[in-house]
Amino acid sequence: AHHCCRVAEMYAIYRELHPPTGVEHCIECHFFDLRRKSLVVAATSVLRVYDLHTTPVKAEGSHAHRGGVRLVQVAEFQLYGRVQSLEAVCLAQSKREALLLSFSDAKLSVVEYNPETNDLKTVSLHYFEDDELRGGLLYNRHRPVVRVDPEGRCAAMLVYGMHLAVVPFHHDTLLEEHEPTTPQPLQSAGDILPSYTIDLRTLSEKVYAVKDFRFLHGYNNPTVFLLNEPTPTWAGRITLRKDTSCILAISLNMTEQVNPIIWHIHTLPFDLCYALPVPTPIGGVLVVGANSLLYMNQSSPSVGVALNSITDCSTNFPLKKQGDLAITMDCSRAVFVSSEQVVASLKGGEIYVLTLVTDGMRGVRNILFEKAAAGVLASCVCTVGQEHLFLGSRLGNSFLLKYSTKPLGGGESSEPLAKRRKSEDLLGEDPDELEVYGSDTHSGPMLASYKFEVCDSVLNIAPIANVTMGEPAFLSDEFAEKADPDLELVMCSGHGKNGALCVLQRGVRPQVVTTFELPGCSDMWTVLSDPQDKELQEHAFLLLSRQDSTMVLQTGQEITELDSSGFATQVPTVFAGNLGRGEYIVQVTCTDIRLLRGVRQLCRVPLDMGGGVRSCDLADPYTAVLLADGTVALVELCEGEKEDSDATLTQTWPEIAKGSKVTLLSAYTDCSGLFSAQQGEEPASGPAQPAPPPTARQEPKSTVDEEEELLYGDISSLLDMARKERSPTPHEKPHPQPEVQAPTTHWCALYREDGSLEIYGMPEFKLAFCVRNFSSAPKTLMDSGPVALAGPHPVAHSSEVAVDEIQLVGLGPGRTHPHLLALVDRELVVYRAFPCPQTQNPGHLHLRFSKVSHRVLLHDQRDGKLARRLSHQADEGEGSQGEGQRFCPRLRVFRDVAGYSGVFVCGPYPHWLFMTQRGALYMHPMFIDGPTTTFAAFHNVNCPKGFLYFNSEGELRICVLPSHLSYDSPWPVRKVPTRCTPHFVSYHMESKTHAVVTSETVPVTAVPQANVDDPELLEPIERDEHFVPPDEAQFYLQLFSPTSWEAVPSTKINMDRMYHVTAMKVMNLRSQETMSGRKEFIVVGATAICGEDVYSKGKIMIFDVIEVIPEPGKPLTKHKIKCLYNQEQKGIISALEAVDGLLLACMGQKIFMWNFKDNKDLVGVAFIDTEIYIHTAVALKNFILIGDISRSMQLLRYQENLKTLSVISKDPMPMNIYACGFLIDGHQLGFLASDSDQNLVLYQYQPELPESNGGLYLTRWGEFNTGAHINAIFRLRCRTAAPLGASQEIKALMADKRHITYFATLDGGLGYLLPLPEKTFRRLSMLQIKLVQGLPHTAGLNPRAFRQFHTRHQYLYSSQRNILDGDLLWRYALLSAKEKGDFAKQIGTTPAQIMEDLKEIDKVTAHF
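Here is a short report on the structure shown in this document. (Residues numbered from 1 in each chain as written. Predicted model: local features only at pLDDT ≥ 70, side-chain atom pairs only at ≥ 80, totals over all residues. Heavy atoms only, no water.)

### Side note on the environment of alanine 1406
Note on placement: alanine 1406 falls in the segment after helix H15 (1391–1404). In this structure, the C-alpha to C-alpha distance between alanine 1406 and phenylalanine 927, residues 479 residues apart in sequence, is 8.3 Å. (Helix = DSSP H or I, 4+ residues; strand = E, 2+ residues; numbered from the N terminus.)

As C-alpha cells, this is what we get:
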C-alpha cells in the first residue's frame, strides 16, 4: 500500500537482566567423569551443575551453613528453549553420562560435557514434530516427558500424548542380537541407533490420556509401564463413573519393533497421578494417587493404602486404612532412597518417609508412613550421594538435606512399649507375626525413624507475582544529588510458607563512612604491619602515589600522615604489599624495592637499570618486577634463621624464552592443585579426584579425607587405594594438617607485545604454558607449546588489539578456582581454568582456560568529557615519566570485604566481581558515584572489612558494603520471609512505606447455604478425623517499613471471610486536603467467591496512611492505617486504576469511573461495557489500556469535558492476556501485552494503515516469545547521559525522552524492552540474522525458532519481527577479535560501531 505520509514505526530490543531462578528439574549423574557424581539442575532455560563439598570449620565470611556440606556451582549453560524434561544415560563408548533434554513440542537433544572446551557438545538430535504424529492437534498441551531404561538400553519420550518415541542405545545384549541376522546398523551418532515411534492408539488395549509412564526394573527386555485413563472422569461425576484408571506394561523388542502387552489391570482409582518404579530386589511399581497409594507387581497381589477417608466414596478398590493418616498426595514429589524407602514431599511442604514392608517371598504386605519433617514446596526431588537429598522448588529456595536414620533398638525387648503397640496397629496383624518381623532383617527400616537437617540452600526469587519500585532506606548523603533517582525493586515472590518479599538492587551502593579531598593521587595501597596480636589483621598504613611523590598515612583510630619512616616518599610508588604472611611490607618505586617491618626499613634493592620499574606483582614470598625494557626481575624474601634476626631480599634475573618485549605481568599463588601437574607426570588430581572443569580441589582447611568420603562414598577399591596413598594421615580429622592440602605453588604470567601469553613456574622460571593468540581473546586458551617460541615472531596482533592488563587470581571457596582476567581492547575478558590432559608438551600444565560468559561492557568510546579527561591524564602521565612508563592497574584483587573476596574493576564503569562459597561468579556494577580511578580493601577499627576508592573528583571515600544485602546472587538481594503468600505490593511515597497484601490458607469447616444470597449464612460440615478439608484463603493488608523490612505494628487489616483481594494499588486521587489537589490513598478491590450457588459480590476499600506520635522506643509505630471508605459494589472487582485523579474500577466486563469526594464517598462519573472479563488496566494521562482474559486488549479514552469513556481501538484477534503496559519513545506510543503462551506483543495505533480499518483495530507491530510467563510490567525513564554535577538545565536537555519497559516473570527472571532508533535497529537486525547462522546452537536449539510467536488460537497473521533478541546480540561481545571482525564485515560495518550500539543500550538501561 502506498501512502502520502510515512507511518511512524517503532522498534525495540528485548533483554533479560536477571536469569530465571525457579528450579524445575534435577538429576544426579556422572556429568564430568564416571568417577564422581554431580547434581544437574534445570531452571527453565538454564542448566546449572553443582558438586558437593565439605565445608571447613571456619568459613570465609558468614555465608557458611551448618551441616558441613554445601553445593558448589561448577558450570552453567544457557539454552534457547525451556527444558521440559531431564534424564541421564551412560552411552557405551563414553567416559561420562550424557543428558537427555526434551523441548516442546517434541524435540529431544542428547548432549554431554566436552572436556576439551569445558562446554556442552551435542551428541544427537531427534525431532518428532511432523503432522502425522501431531494427528491434527491444534494446540499441544502435552509435555514431552523423557524416561530412560534403568539398564541404559533405550530411552522413550511421550509425544503429543499419543505416541511413544523410542531411542535405542548400543548395548552388549543388543549387539549380540544383531550379529547373527543383520550387519551393524547405521551409526549416525555412534552409540545411538535410529529412533522409531509407537502409536499407543493401535495397541490391543485402549490407551487414552496417559498420566505417566516409566521403565520397570528387573525385566529382560526394556519394559514400559503406562498409567492412563481410557474413559476420563472427574470428582463431580464419581457417583456415575469411578475407578477409570488402568495400567499396562509393554515389552519393547527394539530389533523387531514389536511391542506385546505383558501386564494389564483395569478399574483402579480415578485420581492416580504418577508412578514410581520400585528398584530390585523388590521390583514392581508404586502408583501414587491423590487419596490412595498402590503397590503393584506382576508376580504378587496388589497392596493399596487409603491416605484419607475420601476413598470411602471415591473408589471400590480394596484399600487398607492406615492409623490416623489424613493426607493427600496430589502434586507431591517422591524418590527412592533405598530399595524399600521412599521420601515424599507433599504439596504443603511436609516430608514423609514411606517404608515398604516385605515378606520373605519379596512380596510387599504393607506400606508404613512416618512424617519426618516440613520442607519447601518441591517441584523436583532427587538423591545426591549416599545420604543427601535435593529438593528443587519453583516456589521457594531449593534445599540440600542430609538424612540419617535413628534406629529405635534392635530386638523386640529393647523396643519401647508405645512404639510396639503403634507397630501392631500399623501392621494390623496379630503380635506373633510382629515378632517374626521384629527379628527379621527387614524390620530395621520399619522401626527406624528418619531425621533431616538442612545443609545448604539455593536462592530463588520466583514466582514474581507483583513488583513495585521504592526508594532505598539507607542511601549515603553523598549520593543524594543525582540526575536519576536511585530505586530498589520490591517484589512478591513465593507461595504459602515459602512466601517472601524480595528486595533487589542491581548496583552496589556503598555506605560511606567518611570522605577526604585528596586531589592528584593516581594509585593507592593498604598494607598490614607486623602486629603484636596475630589474630587482629588490621591495615596499618595507606600509601598514596602522586605524580612525583608518595604520601604515607598511618591508619589507627585516626588517620595521620607519617613524617619520618623507612618508606620512600620523594618518588611515586609503583606497588606496595605484604610479604611473610603480613609480617613485612614491600614498597616498589621506579628505581628500587624496599623491605620494611612496621616503619623500619630492613633492606633496599636498587632496580634503576632497564628504564626503571614498569609494573610489579606479588606471590608471597616472591615479588615479580617488570622493567620498562621488558626484562623481568624476581625478588625473594629470605627470612632470618633466628627469631630476632631480620629478613632480607635476594634478587635474581631469571632466563625467560626469547621473544618480543614483555609488557604485562601477573604473579599467582595456586591453592587448587590444578597448576601442579608438571614434569610430564599425571595431573595432581590423580584418578581419585579429577578436578572437574571449574571445581575446587578442596578447601585448604579441610582434609582430603573428609572431602573424598563425601564425594565418593561408594566407589571401587581402586579409589580407596588411591585415597590412602594421597592422605598419609587419614585419622587426624579434628586438626587438618597442612600436608594434606594441595601443595601451594607460585606462578608468573607474562604478556608479550605480539599477543602471546606465557605462564612460568616460580622461582626457577620454567615455561609451563603458552598461548600464541591471546590478544584476540579466543573462546578456549590452549597450550601451543614451546616450539612456537623458537622462530621469529610474526608481529601480527600487536597493532590490532591492545591488552591493557592481565591478572591471574584464585577465586571461590578457599581461592581454589583459578581465573585469568584481562582487559582486552578495554573490555573485560574472564577465563576459568579447567583440567585437560595434554601429551604434546611434556612438563607443561595439564589445563586449559575457557571463557566465562558475562554481561559486563566496560568501555564507552564517547562517555562524555569526563572519560576523555581521565584518558588524557593517563596519556600525559605516561608521557611525562619517560623512564618509568608506569600505569595504574584497573583490576584490583580484594580478599575480605564484608566477608567476600573477588576482584574490583576500576574505570569509567566500575564493577565488583564476587565469587563466594557457592562457586558462581557474579558481577555487580557500582555506577552510583561515577568513574573510580583506584581501589583498595581496608580493614580498620572504624571501618571493619571495608574498602577505599577515589572517584573522578579526587575524593577518597572510606566505605563499607551494606550488610543487609546478599551479593552472592545475580543481583544484590534481600529476601524478607512473610511466611504467607504475598499477592500485591505498592509503594506509598508520602509515608515511605510499602503496602502489601498477603494471604494465609485456613481449612474450610463451613460452607455458605445454597440458594441464599447472603454469604454470611454458613452451614457447618461434619466429617470424620481422616477427612482432608479443602483450604480457603484469608487475606490481609499490611504496611512494611523499608528501613528494617519489618511489618509496621498494628497496621494489619483483616479482610472479611470469603473475600479475595483481586486488586490493590496506591493511587493519586483528587482531594481537597492538599495544595496540589491530589493525595495518595491505598485502594483495595475485593471479591467474595462462595461457590456456584451464591452470587459473587465485590467491595472497594480506600485507606489513608496517617502519622501519629510513635510509642517510645518503637519508631515504626508512627504510621497507622485509617479506613475512609468500605462499600459493597454491584459486581465483583477485577481491576483498579487511577485516571486523571479519578478511580477506574473494572467489574468483570463493566468499567466504572468514580470521583472520591470529600474523602468519604464515591460519585459516579462514567461507565462502559467491554468484552468478557477485564483483569488488568493501565493508564497513561487519559488513555487506558485494558486486558481481557481471552479477548486480548482494548484502548479506551476518558474525556473530562464530556465525562465519557469511549473505545478508541482494540486488537481483533483472541489472546489470553497476562499483563499489559505502554512503550514510550519520545512522541510515539506503543502498547505491550504478555499472554498465556509466553509472548510479548507490541501494538501501535495507526489509523492510516489499511489493516487498521480506519483506526478501529490496533496494528500488530512486533512479537517475541520470552519463554516465560510475564505477570508484572512497569516503566521507567531512560538514564540521562548528563555528567556528575551538571546543572538542571543540562540534565533536562540531555534527558532521554524514551522509557524502558521492565517486566518480571514467574520463573524469577527480570528483563526489559527498550525502543530503538531505526538506524540502530536495522544494523543490529542484520547482525542478529548473521549470529543465528554463524554461532553454534547448543543442543541444536535455534534462537530464531525459540523467539517466534506461539499461539494456541488458530488465525492468520503476518509475523512482525521488530523486536530484537538482546541476549543473542550480547553474545557478540564475548566473541574473539577475528569472529567480531568477520560478523561486522558481513553486514558492512565495524566491530567498534556494533559495540558502541550495545554500550549505548547498556548505559541508558543502567537503573536500580
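### Comments concerning unusual backbone geometry
A cis amide bond, omega 5°, links serine 104 with the succeeding residue aspartate 105. In this structure, aspartate 105 sits in the loop between strand S7 (98–103) and strand S8 (107–114). For the peptide bond that leads from threonine 280 to proline 281, omega is 10°, which places it in the cis range. By the secondary structure assignment, proline 281 is in the loop between strand S18 (272–277) and strand S19 (285–289). Even without being a glycine, aspartate 1140 presents a positive backbone phi close to 55°. Note on placement: aspartate 1140 falls in the loop between strand S74 (1135–1139) and strand S75 (1142–1147). Residue classification places aspartate 1140 among the partly exposed positions, given a relative accessible area of 32%. (Buried < 20%, exposed > 50% of the residue type's maximum accessible area, 1.4 Å probe, protein only.)

### Describing the pattern of salt bridges
Evaluation of the coordinates by the stated rule reveals 56 salt bridges. The partner of aspartate 149 in a salt bridge is arginine 153, with the nearest N and O atoms 2.7 Å apart. Here glutamate 1032 ties to arginine 1057 by a salt bridge, and the two come within 3.3 Å at their closest N and O atoms. In this pair, glutamate 1032 sits in strand S68 (residues 1031–1040) while arginine 1057 sits in the loop between strand S69 (1053–1054) and strand S70 (1059–1070), placing the two residues 25 residues apart along the sequence. Note on arginine 1057: relative accessible area 31%, which makes it partly exposed. Salt bridges sharing common partners tie together Arg1070, Arg1078, Asp1140, Glu1200 and Lys1203. (Salt bridge = Lys/Arg side-chain N within 4 Å of Asp/Glu carboxyl O.)

### Some remarks on helix H14 (residues 1377–1386)
Since the α-helix turns once every 3.6 residues, residues separated by three or four places project in the same direction. Turning to H14, its buried residues number three or more, namely Lys1380, Phe1383 and Ala1384. Angular distribution of buried residues about the axis of H14 spans 100°; they occupy a single face of the element. Facing away from the buried side of H14, by more than 90 degrees, are the exposed residues Lys1378 and Lys1385. Where H14 is buried, its residues touch helix H11 (1318–1334) and H15. Phi for glycine 1388, located one or two positions after H14, is positive at around 75°. (Arc of directions from axis to C-beta. Contact = heavy atoms within 4.5 Å.)

### Here's the deal with the sheet that holds S7
Strand order in the open sheet formed by 4 strands is S6-S7-S8-S9, with antiparallel pairing between adjacent strands. Only two strands of the sheet have a single partner each, and these edge strands are strand S6 (85–89) and strand S9 (119–127). Sheet twist, expressed as the average angle between the axes of neighbouring strands with direction ignored, equals 25°. Where S8 meets S9, 8 bridges bridge the pair, whose relative direction is antiparallel. Note on S9: the bridge partner recorded for leucine 108 is histidine 126. (Pairing = 2+ DSSP bridges. Axes fitted to C-alpha atoms, helices over the stretch in contact; angles between N-to-C directions.)

### Brief notes about the nonpolar core
Membership of the largest hydrophobic core comes to 75 residues, with the highest contact counts inside it found for Phe31 and Leu99. When neighbours within four sequence positions are excluded, phenylalanine 31 is seen to be in contact with Ser38, Val40, Val49, Phe77, Arg96, Glu97, Leu99, Tyr113 and Leu120. Leu562, Cys590, Val613 and Cys616 belong to the second-largest nonpolar core, a separate cluster that totals 33 residues. (Core = buried A, V, L, I, M, F, W, Y, C linked by side-chain atoms within 4.5 Å.)

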